[in-house]
Amino acid sequence: MKKIWKKRAVIASVVLLVAAAVYLNWRYTDQVADSSKVLGESTLVSSETKVDQTNQNQQNDQDSAVVEETVADESNYFATARLSRKQARDSAIGMLQEAEVDENADEQTLNAASQTLQVLAGYTVAESQIESLVTAKGYKDCVAFMGADSISVVVSDPDGLDTADVARIKDIVISETNYTPEQIKIVEAN
């Protein structure tokens, strides 16, 4: 009897960790998308003072550097978001696999671990497909975060997203998942 409760506690803690990871990814995405700060933003400083032509050249260089840094920050955001999502999933999958191979696990524990692994694998495949299809439609980059009750899709588009873009992205998500339009959140990366 004590072993059964121990197994259930392990499964419950794994499910709780997975839910926490999905929630934290969602909150992180929401904070980054709503933030007015640009990570890594800097200004070029020059000690030279020359005629207006030189100042104009320096301003153009600064503008180019800020644009390059913004592009790099967006790329870093998407890479960091994907890495964070992968690490959270790998951790949860590792714990579930340990529960599956435990020789003292009862059938209910094994079934719950197996079902959770299948759900996580499904999330991973669907997120990848959504990201590929969104970028195939001409958007610069995309990252999707699936949860039990909703999905968030962060999209980078230099021209900004309009209602047609949001509808196009929602159509992709609906075609690849069972989410309703109300469960889909489209966020434009800053």
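J.: What is the right way to read the nonpolar core from this model?
T.: In globular proteins that are soluble, nonpolar side chains generally tend to be buried together. Ranked by internal contacts, the top residues of the largest apolar core, which has 24 residues, are I130, V134, I151, V153, V155 and I169. Secondary structure elements with two or more residues in this core: α2 (52–101), α3 (107–136), β1 (141–146), β2 (151–156), α4 (163–176) and β3 (184–188). Top contributing element to this core by residue count: α3, with seven residues. With near-sequence residues (within four places) excluded, I151 lies in contact with I130, A144, F145, M146, V173, Y179, Q183, I184 and K185. In this structure, Y77, F78, V187 and A189 belong to the second largest nonpolar core, which totals eight residues.

J.: Help me understand the environment of G138 in this model?
T.: Considering the arrangement of structural elements, one finds G138 in the loop between α3 and β1. Through-space distance from the C-alpha of G138 to that of D157 is 8.5 Å; in sequence the pair is 19 residues apart.

J.: How should the sheet that holds β3 be read in this particular structure?
T.: Through backbone hydrogen bonds, the strands of a sheet pair up, either in parallel or in antiparallel fashion. Sheet architecture is open: three strands sit in the order β1-β2-β3, paired in mixed fashion. Both edges of this open sheet fall to β1 and β3, since each of them pairs with a single strand only. Each adjacent strand pair in this sheet contributes to an overall mean axis angle of 15°, direction not counted. With six bridges joining them, β1 and β2 adopt antiparallel strand pairing. Looking across to β2, one finds that M146 is bridged to I151. Against the sheet, α3 engages β1 and β2, with an angle of about 155° to β1. The sheet strands contacting α4 are β2 and β3, and the helix crosses β3 at an angle near 135°.

J.: What exactly am I supposed to notice about the pairing of β3 here?
T.: Within a regular beta strand, the side chains point alternately toward one face of the sheet and then the other, so they alternate between its two faces. Strand direction decides the pairing type here: β2 and β3, joined by five bridges, are parallel. By the bridge assignment, I151 is partnered in β3 with I184. In terms of handedness, the path from β2 via α4 over to β3 forms a crossover that is right-handed.

Conventions and cut-offs
Residues numbered from 1 in each chain as written. Predicted model: local features only at pLDDT ≥ 70, side-chain atom pairs only at ≥ 80, totals over all residues. Heavy atoms only, no water. Core = buried A, V, L, I, M, F, W, Y, C linked by side-chain atoms within 4.5 Å. Buried < 20%, exposed > 50% of the residue type's maximum accessible area, 1.4 Å probe, protein only. Helix = DSSP H or I, 4+ residues; strand = E, 2+ residues; numbered from the N terminus. Contact = heavy atoms within 4.5 Å. Pairing = 2+ DSSP bridges. Axes fitted to C-alpha atoms, helices over the stretch in contact; angles between N-to-C directions. Right-handed = clockwise from strand over helix to strand, strands pointing away.

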